[in-house]
Each structure stands twice: as C-alpha cells, then as structure tokens.
Amino acid sequence: MITLPPPSSSPGLFLVFEGLDGSGKSTQCRMLAEALRQREREVVETREPTQGPWGKKIRAMAASGQRVSPEEELDWFIQDRKEHIATLITPSLNAGKVVIQDRYYFSTAAYQGSRGLDVQEILTLHESFAPPPDRVFLIEVSPEVGLKRVQVSRGETPDAFETLAGLQRCGEVFDGLQIPGLVRINGELSPNEIHQRILEEVLPLL
Ligand code: ADP
Ligand code: TYD
C-alpha cells in the first residue's frame, strides 16, 4: 500500500492566500476562517505585511509614495517575515492550529520581482528559513479587475504598489509560479463559488 506523506512536518495546517491587490484574498481568508471555526478548529488569521514595526514601516512607505530601492524593500519584507515566523507562524503551527495567511513570500517574488529582483533567488532564499505552506491558494484576476475593485468597491486610492504596469509584471510572476501545494482559482467567480472550491481542498486536510 502506498501512503502519502503528511502535508508538512508540523502538527498544524498552514494555508496561504496569494494574488494581486483586489483579487479577493481578504474576503476568502475571512470566509475560510469562519467555516473552520464552525468545525471547531483553532484558527489564526494573519497577514503580511504585519502590524509589527517592519510592517508599519512598509505601509508608511507605500502610503507616502516614496519607495525605497528594491533591495531595501526586499530587506524590510524579509525582516517583517522573520519576525512573523518566529513570533506567530511557527508557534501556532507547533500548537496544532490552522494558520490562514493573507500573503507570504510568493508576494515578495511577484512584487519585488516586478521591480527587477531575481524571482528564483527570492524563492530559494525563503526556502532556507520560511516554513512551507500546505496549500497556496492563488486567486487569479487581471490587474485591471483587481485595480478596479480596489478603487471602486473599496473606495481606496491605490498605493505605491498598485500601478497597472507594476501589477502586470507581478501577474506574470504569479502566472509562472510552480511550487508544491499551489492551487490556482479563477478570481472572477463569485466569492461563494471560490469559497466552495477552497473548502474542497481544505476539508480533506483537516
Ligand atoms: P484583496 O484582499 O485581495 O485585496 P479583497 O478581499 O479586499 O481583496 O476584495 C477587494 C474588493 O473586491 C472588495 O470590495 C470585495 O468585496 C470585492 N470582492 C472580493 N471577492 C470578489 C469576487 N469574487 N467577485 C467580485 N468582487 C469581489
Ligand atoms: P496589503 O496591505 O496586504 O494590501 P492588500 O490588502 O491590497 O493585499 O499589502 C500591501 C502591499 O504590499 C501589496 O500591494 C503587496 C505588497 N507586498 C510586497 O510588495 N511584497 C511582499 O512581500 C508582500 C507580503 C506584500
């Protein structure tokens, strides 16, 4: 009999959402968290950039429109992520919780990659210290749809990360991503259709 290995070495379950701005990640994180809590799972909902000191610095920079160099930006995201892993992700997974996370290092590959940094180097670097997710749900929308949702539905002014040309390059990185546990989902389906698709993947892992 062939037995498949468990999804990861920790007792928890690590579920990551990726996609362009406005793709619907936050909506799906909320829906999944609620569905799993109804099934009596202990869920930790989190996101990157975080609310910690590095995350605050990143958001302030994005809001100001004054971007630092791609190398410095990469460094800030990595500092933020290392702190996030040490203080929340790893302890939660070790305690057997379900971690539902809005963005992880695949966003770094896409967004800092879109500024000219080497995508493969970013991925390889993270593989050396970042816990691997059990699933990465990549919610796919065109940059136009994503930006329109950010502007119209959310009534928000796009920040420095959210230009059409930049998002097109990010989208190309996401399109080419080949990583274990990747699940691509059409982000133009209704929120509930997307949620059902995600549940089909997640429920067998519980
Ligand atoms: P993200 O976290 O990826 O930036 P959000 O979940 O905040 O995206 O969604 C951006 C906007 O689009 C919100 O106003 C949300 O209500 C709306 N939205 C989310 N999912 C969908 C969907 N599947 N179809 C249409 N609109 C959506
Ligand atoms: P966030 O506030 O989560 O935006 P949204 O709600 O639209 O997803 O993220 C802020 C921006 O940070 C987002 O445009 C993507 C960018 N980003 C990077 O450039 N690199 C990264 O590693 C991460 C995690 C996010």
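Scroll up a little and you will see the structure.
Residues numbered from 1 in each chain as written. Chains lettered and ligands numbered in written order. Predicted model: local features only at pLDDT ≥ 70, side-chain atom pairs only at ≥ 80, totals over all residues. Heavy atoms only, no water.

**Some remarks on the nonpolar core**
Grouped burial of nonpolar side chains is what soluble globular proteins tend to show.
Step number 1: Among the nonpolar cores identified, the biggest contains 36 residues, and Phe14, Tyr104, Phe106, Tyr111, Phe161 and Phe174 are the most heavily contacted of them.
Step number 2: Looking at this core, the elements with two or more residues in it are strand S1 (13-19), helix H2 (53-64), helix H3 (70-94), helix H4 (105-111), helix H5 (119-127), strand S4 (135-140) and helix H7 (164-176).
Step number 3: At seven residues, H3 tops the list of elements feeding residues into this core.
Step number 4: Those residues in contact with phenylalanine 161 that lie beyond four places of it in its chain are Ile58, Met61, Ala62, Arg67, Glu73, Phe77, Tyr111, Gln112 and Leu167. (Core = buried A, V, L, I, M, F, W, Y, C linked by side-chain atoms within 4.5 Å. Buried < 20%, exposed > 50% of the residue type's maximum accessible area, 1.4 Å probe, protein only. Helix = DSSP H or I, 4+ residues; strand = E, 2+ residues; numbered from the N terminus. Contact = heavy atoms within 4.5 Å.)

**What about the pairing of strand S3 (residues 98-102)?**
Step number 1: Extensive coverage of S3 is indicated by the burial of five of its five residues.
Step number 2: The side-chain alternation of S3 yields two buried faces, one formed by Val98, Ile100 and Asp102 and the other by Val99 and Gln101.
Step number 3: Two elements, S1 and S3, share five bridges in a ladder whose sense is parallel. In the strand pairing of S3, valine 16 is matched with glutamine 101. (Pairing = 2+ DSSP bridges.)

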